[in-house]
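Coordinate analysis (summary)
Read off the chains here:
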Amino acid sequence: MNLKKGKKKRCFKKILLYLFLILLVAAMVFPLLWMFSAAFKVKSEIFHFPPTLIPKNPTFSNFLSLFERFPFGRNLLNSAFVASSAAALSLFFCSLAAFSFAKYRFSGRDFLFLFLLGTMLIPYHVTLIPLFIFYRRIQWIDKFWGLIFPGMANAFGIFFMRQYMFLIPDELLDSARIDGCSDFRIFLQIILPMCRPALTALGVIFFMASWNNFLWPLIILKSDKMLTAVVAIRRLQSGPLWTPYGLIFAGSVLVVLPLIILFLAVQKEFIAGITSGAIKG
Amino acid sequence: MAKQVQGIEKESLFKRKKRRGNKIPYLFISPFFILFAIFMLCPTLYSFYLSFHEWNGVGPTTYVGLSNYTKLFSGGGLFLKSMTNCTIIFFEYVPIMTLGALILASLLNSRYIRLQGVFRTFIFLPYVTAIIAITYSFQYLLDTNYGMINLFLSWFGIERIAWLNSPTLARICLSSLITWRWLGYNMVLFLAGLQFIPPELYEAAKIDGATPLQSFLHITIPLVKPIIFFCIFLSTIGTFSLFDEPFILTSIGTSTGGGPVNATLSPILLLYNMGFRYLRFGTASAVAYLLFVVLFLCGLFEIKFLGGKR
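Values in this document were obtained by computation on a predicted structure and should not be read as measured data.

Notes on the overall build of chain B
- Helix and strand counts for chain B stand at 15 helices and two strands.
- Among the 310 residues that make up chain B, the fraction classed as buried is 52%.
- In chain B, once contacts between residues fewer than 6 apart in sequence are set aside, the share between residues at least 24 apart is 65%.
- For chain B, the accessible area works out to roughly 14,800 Å², and carbon and sulfur atoms hold 69% of it.

And the structure:
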């Protein structure tokens, strides 16, 4: 009798727990749903009380006028180009440096590595003003290089790749060396293929950071067709008094969706990448 | 004898080569240091120089000594206001979010909850969405006349609230937005830490008659303490470098956010306004430097605090 009661009580507790978790998930998804639904509403429905979660007469007009009135397709391509080249170049330079720190012994190595970690303490905001002035002098305003270059060699990336490269046995590199492989070829043909999981994780982290980056592109990109998609969304808000939510959310859907898909595809590696800093660092 | 031969063989060819002054490792690490010098070190030094000058970007630069700094600290100076805002926001969300993330992580780590993976994915999802997009969504949710939040409240007979017009409420909205976005991220960090706690500890505690709450307080919390500090450290940096959220959340039309009455002004927003709206590069650099010092001290404090423990 008593046992049964205890079981019932535990069952009740469990249901409460699941209810709590489901509510939490709902709260997490709700702002996203709200954004998606508003993207398909006409203007009169957006500014209407009571608001609706499911559009009464769903329409693509927001998307159409977004592409008509703004070079948003170009903006999405810009984001894709900037984010993928930033990710690819950072991966290359970070793993090259990490290879050197993990597999060579040279004087000053430990000091240089410590110095490198120390640079993470400098907030990049200090460089906003001077870099802007510098870019103006060398005419990098409104150019993509200005977005790609500063993040290219990244202390976190080097640290992350170095941890992974410690796992590669030295014997493998030695046998390649005996076969007459040059250092750079060893890096390209042995090290990089073996680091694929780490490269995936770091690549996605870099890609997302660049895709979602707002402040720096906001400062240095000027003309409509050079903007990245995230900054273009802000540029849609051009009137002084009201916010064109229809256009903004149509743009937002197009910005958010690719990243959600990317995340779901490589979730495991991505989360492993994010947590590595907390455990080892 | 055989052992000795083995010992020599074990010494990697790779590592032996270095003693002959190999240049290759330096070549491989040089891109980082060159890029660091160009895009980090020089700008940081130049920023220091600028913070003692007045310059609007075109005319001559004039030396003004410490006046950029003193202006920021004087009565009307907005720097103190922005730091106070961020401190308030920090205390509004960091304790709740950190504890919440830890509790969630322990729940989703326990074997008797199913579909853990699904819950984790959904709770983490906000982290991968673009802040700008989601901030607009929050702005619209909180809209006084057309927002969903006020509709919910009206079901309980509560009058419409102008969320983003009151300083206190606007800050709370900002805190909720930050919590929404970062809860899953912190949870994932804790989940990774919990993997290292052997389950036998919990079993032993259970046999000794400990309640789940006691296990949580006396086993989980002490063992994930380093991660708690790490999370708080990240949140500190994140809070004092807030920009995107206040810039969009409290903006109307083409104005930049930070309102009402500067209640959500953050140091970076102040820097942006000074530098890129009013073209006062000197003052903006002073803001950047003060923030740099604050964050640097936080960083050192953290290293000392954590480094000593490990």
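Looking at the interface of chain B and chain A
- Each partner contributes to the interface: chain B provides 98 residues, whereas chain A provides 108 residues.
- Remark: the boundary between chain B and chain A carries zero salt bridges.
- It is helix α3 (residues 24-50) of chain B that provides the largest number of residues to the side of chain B that touches chain A, a total of 18 residues.
- Of the residues in the side of chain B that touches chain A, the class split is 68 nonpolar, 20 polar and 10 charged.

Overview of a nonpolar patch on the surface
- A contiguous nonpolar surface patch, about 320 Å² in accessible area, is contributed by A:Phe134, A:Ile138, B:Ile34 and B:Ile38.
- Looking at the element boundaries, A:Ile138 is found in the loop between α6 (128-137) and α7 (145-148).

Details of the packing of helix α11 (residues 196-212) of chain A against helix α14 (residues 245-265) of chain A
All names here are of chain A.
- Between α11 and α14, the shortest axis-to-axis distance is 11 Å and the interhelical angle comes to 170°. Of the possible angle classes, the one that applies to α11 and α14 is roughly antiparallel. Contacts between α11 and α14 involve Val-204, Phe-207, Met-208, Trp-211 and Asn-212 on the former and, on the latter, Leu-254, Val-255, Pro-258, Leu-259, Leu-262 and Phe-263.
- Across the contact of α11 with α14, the residue classes tally to 10 nonpolar, one polar and no charged.

Section: the environment of B:Ile219
Residues and elements named next belong to chain B.
- One can find Ile-219 in helix α11 (residues 212-223).
- A relative accessible area of 12% places Ile-219 in the buried class.
- Contact partners of Ile-219, with chain neighbours within four places excluded, come to Ile-197, Leu-201, Tyr-202, Ala-205 and Gln-214.

Notes on the pattern of salt bridges
Residue and element names in this part refer to chain A.
- What the rule picks out here adds up to five salt bridges over all chains.
- In this structure, Asp-170 engages Lys-103 in a salt bridge whose closest nitrogen and oxygen atoms are separated by 3.0 Å. In this pair, Asp-170 sits in helix α9 (residues 170-178) while Lys-103 sits in helix α4 (residues 72-103), placing the two residues 67 residues apart along the sequence.
- A residue is classified by how much of its surface remains accessible, and Lys-103, at 4% relative accessible area, is buried.

Re the packing of aromatic side chains
- Enumeration over the complete set of coordinates arrives at 69 aromatic pairs over all chains.
- Relative to B:Tyr69, the ring of B:Phe52 has its centre 5.6 Å away and its plane inclined at 45°; by these criteria the two rings are tilted. Residue B:Phe52 is found in the loop between α3 and β1 (53-54), and its partner B:Tyr69 is found in helix α4 (residues 67-73); the two are separated by 17 residues along the sequence.
- Aromatic side chains B:Phe243 and B:Phe247 sit 4.9 Å apart centroid to centroid with 25° between the ring planes, which places their arrangement in the stacked category. For the pair formed by B:Phe243 and B:Phe247, the shared burial category is buried.
- Taking the ring centre of A:Trp34 as reference, the NZ or CZ of A:Lys41 above it sits at 4.8 Å.
- Just above the ring of A:Phe113 sits the side chain of A:Arg162; from NZ or CZ to the centre is 3.8 Å.

What about unusual backbone geometry?
All names here are of chain B.
- Positive phi is not limited to glycine here, since Leu-115 has a value of about 55°.
- With respect to the element layout, Leu-115 can be found in the loop between α5 (78-109) and α6 (116-124).
- The phi dihedral of Val-261 falls on the positive side, at around 35°, and the residue is not glycine.
- Looking at where Val-261 falls in the secondary structure, it is placed in the loop between α13 (244-249) and α14 (267-277).

Section: the environment of B:Val118
- Tracing the chain through its elements places B:Val118 in helix α6.
- In the structure, B:Val118 is positioned 110 residues away from B:Ile228 in sequence and 24 Å away in space, judged by C-alpha atoms.

Parameters at a glance
- Residues numbered from 1 in each chain as written.
- Chains lettered and ligands numbered in written order.
- Predicted model: local features only at pLDDT ≥ 70, side-chain atom pairs only at ≥ 80, totals over all residues.
- Heavy atoms only, no water.
- Helix = DSSP H or I, 4+ residues; strand = E, 2+ residues; numbered from the N terminus.
- Buried < 20%, exposed > 50% of the residue type's maximum accessible area, 1.4 Å probe, protein only.
- Contact = heavy atoms within 4.5 Å.
- Areas by Shrake-Rupley, 256 points an atom, 1.4 Å probe, with all protein chains shown as cover.
- Salt bridge = Lys/Arg side-chain N within 4 Å of Asp/Glu carboxyl O.
- Nonpolar A, V, L, I, M, F, W, Y, C, P; charged D, E, K, R; others polar.
- Patch = residues over 30% accessible without salt bridge, like charges linked within 9 Å, V, L, I, M, F, W, Y side chains within 5 Å.
- Axes fitted to C-alpha atoms, helices over the stretch in contact; angles between N-to-C directions.
- Parallel < 35°, antiparallel > 145°, perpendicular 65-115°, else oblique.
- Phe/Tyr/Trp six-rings, centres within 6.5 Å; stacked < 30°, edge-to-face > 60°.
- Lys NZ or Arg CZ within 6 Å of the ring centre and 35° of its normal.

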